[in-house]
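Spelled out, the chains give:
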Amino acid sequence: MAVAAIKAYDFPPADSMDKFHGARLLYIGWEDHLMFCAPFAFAFPPTMRFGDVVDGVLPGSFGYHPDFARIDWAKAEWFKSGKPFAPDFGKSLADNGLGHKDVIRFRTPGLTGIEGSCS
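Let us look at the structure shown here.

The rules we used
Residues numbered from 1 in each chain as written. Predicted model: local features only at pLDDT ≥ 70, side-chain atom pairs only at ≥ 80, totals over all residues. Heavy atoms only, no water. Helix = DSSP H or I, 4+ residues; strand = E, 2+ residues; numbered from the N terminus. Areas by Shrake-Rupley, 256 points an atom, 1.4 Å probe, with all protein chains shown as cover. Lys, Arg positive; Asp, Glu negative; His and termini not counted. Charge placed at Lys NZ, Arg CZ, Asp CG, Glu CD. Pairing = 2+ DSSP bridges. Axes fitted to C-alpha atoms, helices over the stretch in contact; angles between N-to-C directions. Salt bridge = Lys/Arg side-chain N within 4 Å of Asp/Glu carboxyl O. Buried < 20%, exposed > 50% of the residue type's maximum accessible area, 1.4 Å probe, protein only.

**Some thoughts on the overall build of the chain**
Consideration 1: If you tally the helices and strands in the chain, you get two helices and five strands.
Consideration 2: For the chain, the N- to C-terminal ordering of α and β elements is β-β-α-α-β-β-β.
Consideration 3: Each of the three principal axes of the chain carries a C-alpha extent, and together these read 50 × 35 × 25 Å.
Consideration 4: Entry remark: accessible area of the chain is about 7,300 Å², with carbon and sulfur atoms responsible for 58%.
Consideration 5: In the chain, which carries 12 positive and 14 negative side-chain charges, the distance between the mean positions of the two groups comes to 5 Å.

**Section: the sheet that holds strand 2 (residues 40–44)**
Consideration 1: Pairing within the open sheet is mixed, and its five strands lie in the order 2-1-5-3-4. The sheet terminates laterally at strand 2 and strand 4 (83–85), the two strands that pair on one side only. Strand-to-strand twist of the sheet, defined as the mean angle between neighbouring strand axes without regard to direction, takes the value 35 degrees.
Consideration 2: Direction of pairing for strand 3 (residues 77–80) relative to strand 5 (residues 102–107): antiparallel, over a ladder of four bridges. The partner of Glu77 across the bridge, within strand 5, is Arg107.

**Regarding the pairing of strand 3**
Consideration 1: Sheet analysis places strand 3 next to strand 4, joined by three bridges and oriented antiparallel. Residue pairing in the sheet places Trp78 in a bridge with Phe85 of strand 4.
Consideration 2: Connecting the antiparallel pair strand 3 and strand 4 is a turn made up of two residues, with Ser81 showing a positive phi of about 50 degrees.

**What to know about the pattern of salt bridges**
Consideration 1: One pass over the full model with this rule turns up eight salt bridges.
Consideration 2: Between Lys101 and Asp15 there is a salt bridge, and its shortest N-O distance comes to 3.1 Å. Note that Lys101 is positioned in the loop between strand 4 and strand 5 and Asp15 in the segment before strand 1 (24–30), a separation of 86 residues in sequence.
Consideration 3: Given the relative accessible area of 25%, Asp15 is considered partly exposed.
Consideration 4: The partner of Asp32 in a salt bridge is Arg107, with the nearest N and O atoms 3.8 Å apart. A residue pair is termed long-range when its members are at least 10 positions apart, and Asp32 in the loop between strand 1 and strand 2 and Arg107 in strand 5 qualify at 75 residues.
Consideration 5: Under the relative-accessibility criterion, Arg107 is labelled partly exposed at 28%.

Next up, the structure:
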């Protein structure tokens, strides 16, 4: 939905990359799991490996969902800003083309929330 401002809406963003000391914001969400109503926001160094995000960060954020332990990461479907995305787990976030404030989501075929409820 577009914003209809009553006066000029011109100011520097409060979440620009220069405010994160070299890190980049990355939003990560899990499709069909509305227990997590919105993507999580993380500040990662661009040199961090994508696989380290999956192995070291996602369990602490999504791991308490009963489906998480059953994820087959080889079958996960990834999306960057709504378009299919094939990350290389061995490469850095920057090498995977992920920039400041990018949104990635993953879908786990066969896992659709608690008893298939998408929750």
